[in-house]
Amino acid sequence: MTARSAPPAPQATPLDLGGRTALVTGAAGGIGRACALRLAAAGAEVRAVDLDAAGLKDLVDSADGLPGAVEPHVLDLTDLDAAERAAAGTDVLVNNAGLQLVRPLEEFPPDVFHTVLTVMLEAPFRLIRGALPHMYGQGWGRIVNVSSVHGLRASAYKSAYVAAKHGLEGLSKTAALEGAPHGVTSNCVNPAYVRTPLVEKQLADQARTHGLPEERVLAEVLLRDSAVKRLIEPEEVAEAVAYLCGPQASFMTGASVVLDGGWTAH
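Thresholds applied
- Residues numbered from 1 in each chain as written.
- Predicted model: local features only at pLDDT ≥ 70, side-chain atom pairs only at ≥ 80, totals over all residues.
- Heavy atoms only, no water.
- Phe/Tyr/Trp six-rings, centres within 6.5 Å; stacked < 30°, edge-to-face > 60°.
- Buried < 20%, exposed > 50% of the residue type's maximum accessible area, 1.4 Å probe, protein only.
- Helix = DSSP H or I, 4+ residues; strand = E, 2+ residues; numbered from the N terminus.
- Lys NZ or Arg CZ within 6 Å of the ring centre and 35° of its normal.
- Expected span 1.5 Å × (residues − 1).
- Pairing = 2+ DSSP bridges.
- Contact = heavy atoms within 4.5 Å.
- Lys, Arg positive; Asp, Glu negative; His and termini not counted.
- Salt bridge = Lys/Arg side-chain N within 4 Å of Asp/Glu carboxyl O.
- Axes fitted to C-alpha atoms, helices over the stretch in contact; angles between N-to-C directions.
- Parallel < 35°, antiparallel > 145°, perpendicular 65-115°, else oblique.
- Nonpolar A, V, L, I, M, F, W, Y, C, P; charged D, E, K, R; others polar.

Draft legend 1. Expanded view of the packing of aromatic side chains. Summed over the entire model, instances satisfying the criterion amount to two aromatic pairs. With a centroid separation of 6.1 Å and 85° between ring planes, the pair formed by F108 and F113 is classed as edge-to-face. Residue classification places F113 among the partly exposed positions, given a relative accessible area of 29%. Considering the side-chain rings of Y193 and W263, the 5.8 Å spacing of their centres and the 25° angle between planes classify their relative orientation as stacked. With a gap of 70 residues between them, Y193 in the loop between β6 (184–191) and α6 (197–210) and W263 in the segment after β7 (256–259) connect regions that are remote in the sequence. By the burial criterion, Y193 is buried, and W263 matches it. One cation-aromatic arrangement involves R20 over W140; the distance from NZ or CZ to the ring centre is 3.8 Å.

Draft legend 2. Here's a closer look at helix α4 (residues 110–138). The end-to-end C-alpha distance of α4 is 41 Å, a good match for the 42 Å that 29 residues give at a rise of 1.5 Å each. Among the residues trailing α4, G139 stands out with phi positive, at a value near 75°.

Draft legend 3. Inspection of unusual backbone geometry at higher detail. With phi around 75°, Y157 is a residue other than glycine that occupies positive phi space. One can find Y157 in the loop between β5 (141–146) and α5 (159–179). With a relative accessible area of 32%, Y157 lands in the partly exposed category.

Draft legend 4. Geometry of the pairing of strand β4 (residues 92–95). Burial of the side chains of β4 extends over both faces: V92 and V94 are buried on one face and L93 and N95 on the other. Pairing of strand β1 (residues 21–25) with β4, which is carried by three bridges, proceeds in the parallel orientation. Note on β4: the bridge partner recorded for A22 is V92. Inspection of the sheet shows β4 paired to β5 by four bridges, in the parallel sense. Pairing of V94 across the sheet is with V144, part of β5.

Draft legend 5. Highlighting the environment of G43. Mapping G43 onto the fold places it in the loop between α1 (30–41) and β2 (45–50). In this structure the C-alpha to C-alpha distance between G43 and V116, which are 73 residues apart in sequence, comes to 32 Å. G43 has contacts with L17, G18, G19, P67 and G68, leaving out every residue within four places of it along the chain.

Draft legend 6. Quick peek at the side chain of K165. Turning to its location among the elements, K165 is positioned in helix α5. Here K165 sits buried without a salt bridge, and the closest side chain of opposite charge, E169, lies 8.0 Å off (N-O distance). Setting aside its immediate chain neighbours within four residues, K165 contacts M120, V146, S147, S148, H150 and G151.

Draft legend 7. Geometry of the packing of α6 against helix α7 (residues 214–222). The contact between α6 and α7 brings their axes to 9 Å, and the two run at 95°. On the basis of their axis angle, the class for α6 and α7 is roughly perpendicular. For the pair α6 and α7, contact is made by V199, L203, A204, Q206, A207 and H210 and by E214, V217, L218, V221 and L222, respectively. Among the residues forming the contact of α6 with α7, the class breakdown is eight nonpolar, two polar and one charged.

Just distances and angles here, no functional claims.
Printed below as a string of structure tokens:
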């Protein structure tokens with residue numbers, strides 16, 4: 001009796017976005033920067049959207065030599081009409097831009113609450129709205145919404161951020177249901193605390209709110225519910241975003257990809 005040979009191992013399909021246009025918001029730093037570079041490395045022409053012109057210039061310089069290209073777009077996402085126009089012709093949309101303020105509800109400035117929801121929920125709606133006609137027309141599109149563990153769980157003192165991320169989860173699922181017949185997927189990526197300037201600012205805000213030194217805030221507040229006691233790197237989040245744009249994820253839609261170090265396992 002001859003031994004049967006083992007079946008060939010499946011071959012990983014590399015992400016190839018050559019000929020595709022991707023738009024990434026909040027692209028000048030942190031997660032957005034990592035996503036822009038990762039998608040450009042896969043061959044995409046990346047529209048990098050941010051208010052930070054200097055940060056975008058540095059991003060463009062860093063992308064030099066990659067298979068794709070990065071085109072900077074200085075844009076204020078509170079200009080919702082401009083945001084919708086910027087998304088026209090987009091094949092891959094990464095809604096990432098965000099801001100944070102840590103305050104008790106009774107002290108939370110209403111104008112800041114309004115701005116957070118405009119940038120983090122209404123702008124993604126308008127960007128999706130602007131991108132869908134092209135995606136539907138070609139029968140293919142990828143929408144990735146950078147949500148958060150706070151899209152699934154709440155924390156005290158973060159009313160605007162939590163409200164916006166919970167809303168983004170619902171928007172993403174609705175886009176998934178409507179987009180499925182047209183070859184368009186919509187998913188969320190849900191990291192816990194990522195090593196970004198936004199989190200570094202939170203350390204100071206949380207220290208002030210809780211009356212703790214910043215080093216204790218990291219261990220006792222930010223990482224308290226995480227089984228993995230470290231911050232996530234932006235590049236780790238970017239790999240999850242890239243996966244959702246690839247052929248292996250074509251059946252994934254309406255999902256939330258959780259990168260929380262075990263936070264939601266409690």
